[in-house]
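This is what each chain is made of:
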Amino acid sequence: MSDEGRHPEDPAAIGRAWRDLVATARRTAAEGLVVGTSGNVSARIGDTVLVTPSGVPYDRLGPDDAVGVDLDGRQVLGSLAPTSEVPLHLAVYRTTDAAAVVHTHAVHATAVSTLVSEVPAVHYATALLGGPVRTAAYARYGTPELAAHMLEALRDRTGCLLRNHGTVTYGAGLDEAYERTAQLEWLCRVWLAAASVPGRTPTLLTPDELADVTDALKGYGQRP
């Protein structure tokens, strides 16, 4: 589909965002969070949402392969078909201040999605995602029903599990969205490891302990 006369965003900004999006998508594959062409990544530039295309290996994507849709899901950039999970990504952008969304099929997180309705608070990294991470009810990929279930699970959170499917996280940029995905996968891996010890039950953090961590995190990292 030609984007001539339909794409109001700065071409240079689109080019930079697409480069970063492809790098993030390749990182999900390199770090084992997806297999083959599964999972997808998006980034919002103004009213345009750049998305990975459907069924194309990330290592084959180049600067001229950018794919974008508007907030109504109409394709406004590129000739490759966008990911089938466009409804999921757009639901996040319509209801949050997200600038990037990462969806993966991370092994440990997907396994946990089949076991619990909420990831147990085994580590203070839980606070990095806004609190205990919920599992969205199952619906087939690419459907409005899945997007609706996801939004329910994302209330006051920056990430969730999709039952029998994978993960969704969002952030103010691709780096933040990816970091939250990595933290969620690690958190699920820790819980699975602890819960697998025969005869022992993992201790969990209390809501007050998580609230204390949330306050402490407000001052974490380098300051300008």
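Notes on the structure follow.

Procedures and definitions
The written sequence of each chain sets the order in which its residues are numbered from 1. Restriction of local features to residues with pLDDT of at least 70 applies here, the model being predicted, together with a cutoff of 80 or more for giving and counting side-chain atom pairs; totals for whole chains, interfaces and linings are based on all residues. Derived side-chain values reflect all non-hydrogen atoms in the structure, with water molecules and hydrogen atoms excluded from consideration. Here a helix means four or more residues in a row that DSSP labels H or I, a strand means two or more in a row labelled E, and each is numbered from the N terminus. Accessible area is worked out with a 1.4 Å probe on protein chains only. A residue is then buried under 20% of its type maximum, exposed over 50%, and partly exposed in between. Contacts: residue pairs with any heavy atoms within 4.5 Å of one another. For the accessible areas, the method is Shrake-Rupley and the probe is 1.4 Å, while residue cover comes only from the protein chains on display. Between the rings of Phe, Tyr and Trp (Trp by its six-membered ring), a pair exists once the centres lie within 6.5 Å; its type follows the angle of the planes, with under 30 degrees stacked, over 60 edge-to-face, and the other angles tilted. Whether a charge sits over a ring depends on NZ of Lys or CZ of Arg being within 6 Å of the ring centre and within 35 degrees of the ring normal. For the purposes of this section, nonpolar cores are sets of buried Ala, Val, Leu, Ile, Met, Phe, Trp, Tyr and Cys residues that join through side-chain atoms within 4.5 Å. For two strands to pair, DSSP has to find at least two bridges joining them. The axes are straight lines fitted to the C-alpha atoms, using for helices just the contacting stretch, and the angles between their N-to-C directions are given from 0 to 180°. To be clear, the arc concerns the directions from the helix axis to the C-beta atoms.

**Focus: the overall build of the protein chain**
In step 1: Tallying secondary structure elements over the protein chain gives six helices and eight strands in all.
In step 2: Listed by position from the N terminus, the elements making up the protein chain come as α-β-β-β-β-α-β-α-β-α-β-β-α-α.
In step 3: The dimensions of the protein chain, computed from C-alpha atoms along their principal axes, are 60 × 40 × 30 Å.
In step 4: Taking all 224 residues of the protein chain together, 48% fall into the buried category.
In step 5: Of the contacts made within the protein chain by residues no fewer than 6 positions apart, 65% connect residues no fewer than 24 positions apart.
In step 6: Total accessible area on the protein chain stands at roughly 11200 Å², and carbon and sulfur atoms take up 52% of it.

**Remarks on helix H2 (residues 86-95)**
In step 1: Burial analysis of H2 places seven of its ten residues in the buried class, which makes it a mostly covered element.
In step 2: Of all the positions in H2, only Val-86, Leu-88, His-89, Leu-90, Ala-91, Val-92 and Tyr-93 are classed as buried.

**Quick look at the packing of aromatic side chains**
The way to describe two aromatic rings as a pair is by their centre distance and the angle between their planes.
In step 1: The full count for this structure, using the stated rule, is zero aromatic pairs.
In step 2: One Lys or Arg, Arg-140, reaches over the ring of Tyr-141 and ends 5.5 Å from the middle of that ring.

**Focus: the nonpolar core**
In step 1: Residues Val-92, Met-150, Cys-160, Leu-162 and Val-168 are the most contacted members of the largest nonpolar core, which totals 23 residues.
In step 2: Every element with two or more residues in this core is listed here: strand E2 (48-51), H2, helix H4 (144-153), strand E7 (159-162) and strand E8 (166-171).
In step 3: Of the residues forming this core, the biggest block, six residues, is contributed by H2.
In step 4: If sequence neighbours within four positions are ignored, Val-92 has contacts with Ala-98, Val-101, Met-150, Leu-151, Leu-154 and Tyr-170.
In step 5: Grouped together as the second largest cluster of nonpolar side chains are 22 residues, Ala-13, Leu-21, Ile-45 and Leu-50 included.

**Details of the sheet that holds E2**
In step 1: An order of E4-E3-E2-E1-E5-E8-E7-E6 is seen for the eight strands of this open sheet, with the pairing classed as mixed. A single partner strand is all that each edge strand has here, and the edge strands are strand E4 (75-77) and strand E6 (135-136).
In step 2: Examined bridge by bridge, strand E5 (residues 100-104) and E8 share five bridges and lie antiparallel to one another. Within E8, the position partnered with Thr-104 by the bridge is Thr-167.
In step 3: Docked against the sheet, helix H1 (residues 11-30) engages strand E1 (40-45), E2, E4 and E5, running at close to 160° with respect to E1.
In step 4: Taken strand by strand, helix H5 (residues 174-195) contacts E1, E5, E7 and E8, and its axis lies near 145° from that of E8.

**Concerning the pairing of E7**
In step 1: Residue alternation in E7 divides its side chains into two sets, Gly-159 and Leu-161 and Cys-160 and Leu-162, and both sets are buried.
In step 2: For E6 and E7, the ladder comprises two bridges, and the chain directions are parallel. Paired with Ala-136 across the bridge in E7 is Leu-162.
In step 3: Inspection of the sheet shows E7 paired to E8 by four bridges, in the antiparallel sense. Following the sheet pairing, Leu-161 is matched in E8 by Thr-167.
In step 4: Between E7 and E8, which pair antiparallel one after the other, the connecting turn spans three residues, and Asn-164 there sits at a positive phi close to 55°.

**Here we look at the pairing of E2**
In step 1: Burial along E2 is two-sided: the residues Thr-48 and Leu-50 and Val-49 and Val-51 are all buried.
In step 2: As paired strands, E1 and E2 are joined by four bridges and run antiparallel to one another. Within E2, the residue paired with Arg-44 across the bridge is Val-49.
In step 3: Counting the residues between successive antiparallel strands, the hairpin from E1 to E2 contains two residues, one of them, Gly-46, with a positive phi of roughly 65°.
In step 4: Judged from the three bridges that link them, E2 and strand E3 (residues 68-70) form a sheet pairing that is antiparallel. Bridge pairing in E3 links Thr-48 to Asp-70.

**Some thoughts on H4**
In step 1: Along H4, the positions that sit buried rather than exposed are Leu-146, Ala-147, Met-150 and Ala-153. In a view along the axis of H4, the buried residues occupy a sector of 120°, so they form one face of it.
In step 2: Looking at the buried side of H4, the elements it contacts are H2, E6, E7 and E8.

The analysis is restricted to geometry; functional conclusions fall outside its scope.
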